[in-house]
Amino acid sequence: MKIYEKAPAKINLLLDVLRKREDGYHEVEMIMTMVDLADRLEMEELPRDTIIISSQVGYIPLDEKNLAFQAARLIKERYDVKQGVYIHLDKKIPVAAGLAGGSSDAAAALRGLNRLWKLQIPEEELCKLGAELGSDVPFCVTGGTAIARGRGEKLEHIANPPQCWVVLAKPPINVSTADVYGRFRANELKEHPSLSHMVEAIERGSFADICDGLGNVLEKVTLDLYPEVMQLKESMIRLGADGVLMSGSGPTVFGLVSKEAKLPRIYNGLRGFCKEVYVVRMLT
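Caption draft 1: The arrangement of the sheet that holds strand β9 (residues 243-246) in detail. Sheet architecture is open: four strands sit in the order β9-β10-β7-β11, paired in antiparallel fashion. A single partner strand is all that each edge strand has here, and the edge strands are β9 and β11 (276-281). Within the sheet, the average angular offset between the axes of one strand and its neighbour, ignoring direction, is 20°. Across the face of the sheet, helix α9 (residues 227-238) comes into contact with β7 (165-170), β9 and β10 (253-257) while running at roughly 10° to β10. Strands β7, β10 and β11 of the sheet are contacted by helix α10 (residues 263-271), whose axis makes an angle of about 160° with β11.

Structure representation (structure tokens):
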């Protein structure tokens with residue numbers, strides 16, 4: 001028996017950091033939603049007690065460093081599963097991109113193995129398991145659109161934004177989330193994006209107000225470190241995207257676009273200097 005799970009990418013419509021906590025994590029307020037760029041996991045039970053991961057790409061770890069591997073190990077240990085599993089990871093989401101690709105793979109592994117081994121673990125419990133693997137994993141377990149608080153694991157689901165096109169562009173650099181947070185100084189922040197404004201805009205279905213309310217306090221840190229991200233953002237605005245923001249700690253920049261007719265100009269303009277450009281829809 002084979003189980004298949006999609007692992008969609010996420011974008012942050014809003015990312016605010018309130019303070020650094022005593023445990024070393026940062027207290028955040030985010031609004032996250034998913035887009036139709038996804039990895040695909042194929043899972044098959046093995047008779048011997050082992051975890052094997054394969055992928056069609058050569059640039060991701062296939063051992064204990066892989067979050068899907070960690071998810072499989074966690075669920076096996078926690079629920080005393082003696083069977084092994086073979087996971088093939090069809091990778092489409094860029095790595096170290098601010099799109100939660102690894103976290104979404106881990107979430108898909110948790111959901112898929114719950115079905116494969118008929119464990120009947122409730123979604124809430126899967127989210128708690130996910131929080132042990134990474135801050136974005138609980139959101140990736142549930143999907144949809146949510147406000148994330150704490151270090152990202154406390155979720156409040158809200159309405160989905162109105163359907164639109166999303167252009168994603170990742171420059172040829174990898175950004176370390178830990179490095180960006182390490183350089184971020186919450187106490188020096190003069191202005192915070194408005195969570196209430198964004199929630200209200202989403203609930204009213206106002207595309208224009210959603211574009212106006214986009215905000216990410218980590219953006220300045222990454223833009224200062226990597227001028228090519230700033231170039232990407234400026235180009236996307238110039239080419240006509242309605243709302244433009246860096247996702248997560250970067251370096252991927254996304255543009256929200258309401259009119260399909262604008263897409264060829266934006267896509268072709270970005271492809272002139274950026275290889276990884278994707279045109280997708282929001283998952284709503």
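Caption draft 2: How the structure looks around the packing of aromatic side chains. Within the structure shown, the criterion is met by zero aromatic pairs. One residue, arginine 151, lies across the ring of tyrosine 25, its end atom 4.8 Å from the ring centre.

Caption draft 3: Layout of the pattern of salt bridges. Summed over all chains, the structure comprises 21 salt bridges. In this structure, glutamate 42 and lysine 2 form a salt bridge, with 3.4 Å as the shortest nitrogen-oxygen distance. Residue glutamate 42 is located in strand β2 (residues 26-46), and its partner lysine 2 is located in strand β1 (residues 2-20); the two are separated by 40 residues in the primary sequence. For aspartate 39, the salt bridge is made with lysine 91, and the minimal N-O distance between the two is 2.5 Å.

Caption draft 4: Structural detail: the environment of leucine 99. Within the secondary structure layout, leucine 99 lies in the loop between β4 (84-90) and α2 (101-116). Leucine 99 gets classed as buried once you look at its relative accessible area, which sits at 1%. A sequence separation of 85 residues divides leucine 99 from phenylalanine 184, and the C-alpha atoms of the two residues are 19 Å apart. Those residues in contact with leucine 99, other than ones at most four positions away along the chain, are Ala9, Lys10, Ile11, Ile93, Pro94, Leu168, Ser247 and Thr252.

Caption draft 5: Just the nonpolar core, in detail. Core analysis: the biggest nonpolar cluster contains 72 residues, and Leu41, Val85, Leu110, Met236 and Leu270 have the highest contact counts within it. The leading source of residues in this core is α2, at seven residues. Apart from the residues within four sequence positions on either side, leucine 270 is in contact with Val167, Ala169, Leu232, Ser235, Met236, Leu239 and Val277.

Caption draft 6: Focus on α9. When the terminal C-alpha atoms of α9 are compared, their 16 Å separation across twelve residues agrees well with the 16 Å that a helix rising 1.5 Å per residue should span. Every buried residue of α9 is listed here: Val229, Leu232, Lys233, Ser235 and Met236. Mapping the buried residues of α9 onto a view down its axis gives an arc of 165°, with all of them on the same face. Of the exposed residues in α9, those oriented more than 90 degrees away from the buried face are Pro227 and Arg238. Summarising the contacts, the buried residues of α9 are in contact with β7, α8 (219-225), β9, β10 and α10. After α9 finishes, the residue glycine 240 shows a positive phi value of roughly 110°.

Caption draft 7: Representation of the environment of valine 244. Here valine 244 lies in strand β9. On a C-alpha basis, the gap between valine 244 and alanine 97 in space is 16 Å, while along the polypeptide they are 147 residues apart. With residues up to four places along the chain from it excluded, the contact list for valine 244 reads Leu214, Lys233, Met236, Ile237, Val253, Phe254 and Gly255.

About the thresholds
- Residues numbered from 1 in each chain as written.
- Predicted model: local features only at pLDDT ≥ 70, side-chain atom pairs only at ≥ 80, totals over all residues.
- Heavy atoms only, no water.
- Pairing = 2+ DSSP bridges.
- Helix = DSSP H or I, 4+ residues; strand = E, 2+ residues; numbered from the N terminus.
- Axes fitted to C-alpha atoms, helices over the stretch in contact; angles between N-to-C directions.
- Contact = heavy atoms within 4.5 Å.
- Phe/Tyr/Trp six-rings, centres within 6.5 Å; stacked < 30°, edge-to-face > 60°.
- Lys NZ or Arg CZ within 6 Å of the ring centre and 35° of its normal.
- Salt bridge = Lys/Arg side-chain N within 4 Å of Asp/Glu carboxyl O.
- Buried < 20%, exposed > 50% of the residue type's maximum accessible area, 1.4 Å probe, protein only.
- Core = buried A, V, L, I, M, F, W, Y, C linked by side-chain atoms within 4.5 Å.
- Expected span 1.5 Å × (residues − 1).
- Arc of directions from axis to C-beta.

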